[in-house]
Amino acid sequence: MSVKKQFIKTKPVCKVTFTLEAKEAQTAAVIGDFNNWNVEEGALGKLKNGTFKGVFDVAKDASYEYRYLVDGVFINEPEADSYRWNAYAGAENSVLEV
């Protein structure tokens, strides 16, 4: 799993690439504050090598909670910027700082 950030100088956004290795999985999504926890908006495409990948534009100078949803199971990003307890979810969420 990994998160790559590419800041755009001419726009107030950051292109964030989420990569998730889940060869056996059928579906994967990244859901969080930046897409209103919407699975359809966070769907990741599966590459031939079994890796899921997606690129999203998120507003700069913000902090976002997020998680991966892989075949219906929530997973945190091990390389997240930090983690934050979420009482609604009853679990820690990964945090993205841009």
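Scoring rules and cut-offs
- Residues numbered from 1 in each chain as written.
- Predicted model: local features only at pLDDT ≥ 70, side-chain atom pairs only at ≥ 80, totals over all residues.
- Heavy atoms only, no water.
- Helix = DSSP H or I, 4+ residues; strand = E, 2+ residues; numbered from the N terminus.
- Rg over C-alpha atoms; globule rule 2.2 N^0.38 Å.
- Contact = heavy atoms within 4.5 Å.
- Core = buried A, V, L, I, M, F, W, Y, C linked by side-chain atoms within 4.5 Å.
- Buried < 20%, exposed > 50% of the residue type's maximum accessible area, 1.4 Å probe, protein only.
- Salt bridge = Lys/Arg side-chain N within 4 Å of Asp/Glu carboxyl O.
- Pairing = 2+ DSSP bridges.

**Student:** Mind laying out the overall build of the protein, listing which residues take part and the relevant values?
**Tutor:** Within the protein, the secondary structure is distributed over zero helices and nine strands. Helices and strands appear in the protein in the N-to-C order β-β-β-β-β-β-β-β-β. What you see for the protein is a C-alpha radius of gyration of 13 Å, in line with the 13 Å of a compact globule of 98 residues. In terms of its C-alpha atoms, the protein occupies a principal-axis envelope of roughly 40 × 35 × 25 Å. At a minimum sequence separation of 6, the contacts of the protein that also span at least 24 residues come to 59%.

**Student:** Lay out the nonpolar core in plain terms, naming residues and giving numbers.
**Tutor:** Ranked by size, the top nonpolar core spans 20 residues in total, and within it Phe18, Leu20, Val30, Phe34 and Leu44 carry the most contacts. Beyond its immediate chain neighbours, meaning those up to four positions away, Phe18 contacts Ser2, Val3, Val30, Phe34, Leu44, Phe52, Lys53, Gly54, Phe56, Tyr66, Tyr68 and Leu96.

**Student:** Got a sec to walk through the pattern of salt bridges? Specific residues and values, please.
**Tutor:** Under the defined criterion, the tally for this structure stands at three salt bridges. With its nearest N and O atoms 2.7 Å apart, the salt bridge here joins Lys5 to Asp81. You can see Lys5 sitting in strand E1 (residues 2-7) and its partner Asp81 sitting in the loop between strand E7 (73-75) and strand E8 (82-86), a full 76 residues away along the chain. The closest approach of N and O atoms between Asp57 and Lys15, which form a salt bridge, is 3.1 Å.

**Student:** Would you mind going over the sheet that holds strand E5 (residues 51-59) in detail, with residue names and values included?
**Tutor:** In space, the four strands of this open sheet follow the order E1-E2-E5-E4, with antiparallel pairing throughout. Each of the sheet's edge strands pairs with one partner strand only, and the pair in question is E1 and strand E4 (45-46). In this structure, strand E2 (residues 13-21) lies alongside E5, joined through nine bridges in antiparallel fashion. Across the sheet, residue Phe18 finds its bridge partner in E5, namely Gly54.

**Student:** Report on the pairing of strand E6 (residues 63-70), specifying residues and quantitative values.
**Tutor:** Across the eight residues of E6, seven count as buried, placing the element largely inside the fold. As defined by bridge partners, strand E3 (residues 28-32) adjoins E6 across five bridges and the pair is classed as antiparallel. Paired with Ile31 across the strands is Arg67, a residue of E6. Pairing analysis gives four bridges linking E6 to strand E9 (residues 91-97), with the strands arranged antiparallel. Pairing of Tyr66 across the sheet is with Ser94, part of E9. For E6 and E7, the ladder comprises three bridges, and the chain directions are antiparallel. Paired with Tyr68 across the two strands is Ile75, which belongs to E7.

Function cannot be read off these values alone, since they describe shape.
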